[in-house]
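Geometric and topological summary
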Amino acid sequence: MSINTGSLAKFLWPGLNRSYGLAYDEHETEYPALFETRSSTKAYEETAGVSSFGLASVKPEGDSVSFDTASQSFITRFTHVTYGLGFIITREMVEDDQYTVVGDLRAKALAMSMRITKETVAANVYNRAFSGSYLGADGLEMCSTAHVAKNGPTYANELTTAAVLSEASLEQACIDIMKMKNDRGLNIKVIPDSLIVPPDLVFEASRILESSLRSGTADNDVNALKSMGKFPGGVKTNHYLTDTNNWFVRTNVPGVIHYQRRDYEFTTDNEFNSENAKFKATERYSFGWDDPRSVFGSAPA
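All of these numbers come straight from a predicted model, not from anything done at the bench.

Details of the overall build of the protein
In terms of regular secondary structure, the protein is built from five helices and ten strands. Computed over its C-alpha atoms, the radius of gyration of the protein comes to 25 Å, more than 25% above the 19 Å expected for a compact globule of 301 residues. Dimensions of the protein along its principal axes, counting C-alpha atoms only, are 95 × 55 × 30 Å. Taking as baseline every contact in the protein between residues at least 6 positions apart, the subset at least 24 positions apart corresponds to 76%. Accessible surface, the protein: about 16900 Å² in total, of which carbon and sulfur atoms supply 51%.

Focus: the pairing of strand β9 (residues 277-289)
Burial analysis of β9 places ten of its 13 residues in the buried class, the great majority of the element. Note that strand β8 (residues 256-270) and β9 share twelve bridges and pair antiparallel. What sits directly across from D269, in β9, is K278. Following β8, the chain reverses through six residues before pairing antiparallel with β9; E275 in that reversal takes a positive phi of roughly 65°.

Let's talk about the nonpolar core
Grouped together as the largest cluster of nonpolar side chains are 20 residues, with contacts concentrated most on L165, L170, L195, F231, W247 and V249. Looking at this core, the elements that each hand over two or more residues are α3 (167-178), β5 (192-197), α4 (202-210) and β7 (247-251). Broken down by element, this core gets its largest block of residues, four residues, from α3.

Comments concerning the environment of S113
Topologically, S113 is positioned in helix α2 (residues 101-127). Between the C-alpha atom of S113 and that of D193, which follows or precedes it by 80 residues, the distance is 31 Å.

Considering the state of the cysteines
For the structure on display, the rule yields zero disulfides. C143 carries a free sulfur, and the closest cysteine sulfur to it, the one in C174, is 15 Å from it.

Quick word on the packing of aromatic side chains
Going through the model one piece at a time under the given rule, you end up with ten aromatic pairs. A centroid spacing of 5.1 Å and a plane angle of 70° characterise the contact between F78 and Y259, whose relative ring orientation is edge-to-face. Of this pair, F78 sits in strand β3 (residues 71-79) while Y259 sits in strand β8; the two residues are 181 residues apart in sequence, bridging distant segments of the chain. Given the relative accessible area of 3%, F78 is considered buried. Consider the rings of Y285 and F287, whose centres lie 5.6 Å apart with planes at 70°: the pair is edge-to-face. A relative accessible area of 14% means that F287 is categorised as buried. One aromatic cluster in this structure is built from Y31, F35, Y83, Y126, F130, F248, Y285 and F287. Across the ring face of Y44, the terminal group of R77 is positioned such that the distance to the ring centre comes to 3.7 Å. A cation sits over an aromatic face here: R293 above Y155, 4.3 Å from the ring centre.

Here we look at the sheet that holds strand β10 (residues 295-298)
Strands sit in the order β6-β5-β7-β10 across an open sheet of four strands; the sheet is mixed. Bordering the open sheet on either side are β6 (234-237) and β10, each of which pairs with just one other strand. The average angle at which neighbouring strand axes cross in this sheet is 25°, direction not considered. The strands touched by α3 are β5, β7 and β10; relative to β7, the strand with the most contacts, the crossing angle is about 35°.

What about unusual backbone geometry?
One non-glycine residue, E275, lies in the positive phi region at around 65°. Structurally, E275 is set in the loop between β8 and β9. E275 gets classed as partly exposed once you look at its relative accessible area, which sits at 38%.

A look at α3
Here α3 contains twelve residues, and its C-alpha end-to-end distance of 17 Å stays within 8% of the 16 Å for a straight helix at 1.5 Å per residue. Looking at the buried side of α3, the elements it contacts are β5, α4, α5 (224-227), β7 and β10.

Rules and cut-offs
- Residues numbered from 1 in each chain as written.
- Predicted model: local features only at pLDDT ≥ 70, side-chain atom pairs only at ≥ 80, totals over all residues.
- Heavy atoms only, no water.
- Helix = DSSP H or I, 4+ residues; strand = E, 2+ residues; numbered from the N terminus.
- Rg over C-alpha atoms; globule rule 2.2 N^0.38 Å.
- Contact = heavy atoms within 4.5 Å.
- Areas by Shrake-Rupley, 256 points an atom, 1.4 Å probe, with all protein chains shown as cover.
- Buried < 20%, exposed > 50% of the residue type's maximum accessible area, 1.4 Å probe, protein only.
- Pairing = 2+ DSSP bridges.
- Core = buried A, V, L, I, M, F, W, Y, C linked by side-chain atoms within 4.5 Å.
- Disulfide = S-S within 2.5 Å.
- Phe/Tyr/Trp six-rings, centres within 6.5 Å; stacked < 30°, edge-to-face > 60°.
- Lys NZ or Arg CZ within 6 Å of the ring centre and 35° of its normal.
- Axes fitted to C-alpha atoms, helices over the stretch in contact; angles between N-to-C directions.
- Expected span 1.5 Å × (residues − 1).

Right, dumping it as structure tokens:
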């Protein structure tokens, strides 16, 4: 698996006009728009829900106040995973390299692979949001029409009938989000913050949210989504979402979380016997979710 003089023969001789393929311009870091980041000092982190109190009841004169209780809800564990990649290159290739390809492999190509790995791992939480193979603490996928509340009714964080991205579907998503309740069935302030879309939907998202008047109609109606400021965080394009039709709304509720256990580290070493040089990069982190109210989604066919 080592890179030797035969692997990169053209880079041993003068006269090569240019090389390409090791690194390209990259997208700006995108996962922070999908998650809140927290640091960690343990092998894993756990979060636990707590159900609040219900509605107060009438206290007749002279009678005792009614007493309620709180209880622990679902527990979510975030287990940190180490991701790493490296390469081995012979001493001869290092000595005879005429075009600093070794330095480019180390500083550009390896770093790019690690960054894109992290973006992919993060986006996969959303890519798997509707899959029954990836379940949360309540035994359901991240986006579901039947999430289980500990002491209350079931609730949804996806459209009852999946719909393509449109003004109507976004308005319905906003309505559903604003009607969300806590685990005891009490009204809580849940509001949409940002719209997360793949590149395939970015133009439609811009037309829907950023035009002053309603898009796709001759009526002189105001764009209610914009005038009411329903998406203060704007449109977030994520290039690592794999489905071209799925879209998501991130709400003001914390719940989609990235734990950083260990930052990116680059190290080198040499093999005594072979004199090969080794280069590697590692990083340790986890991505996941606990409170489904943090995200709302739609997965049209």
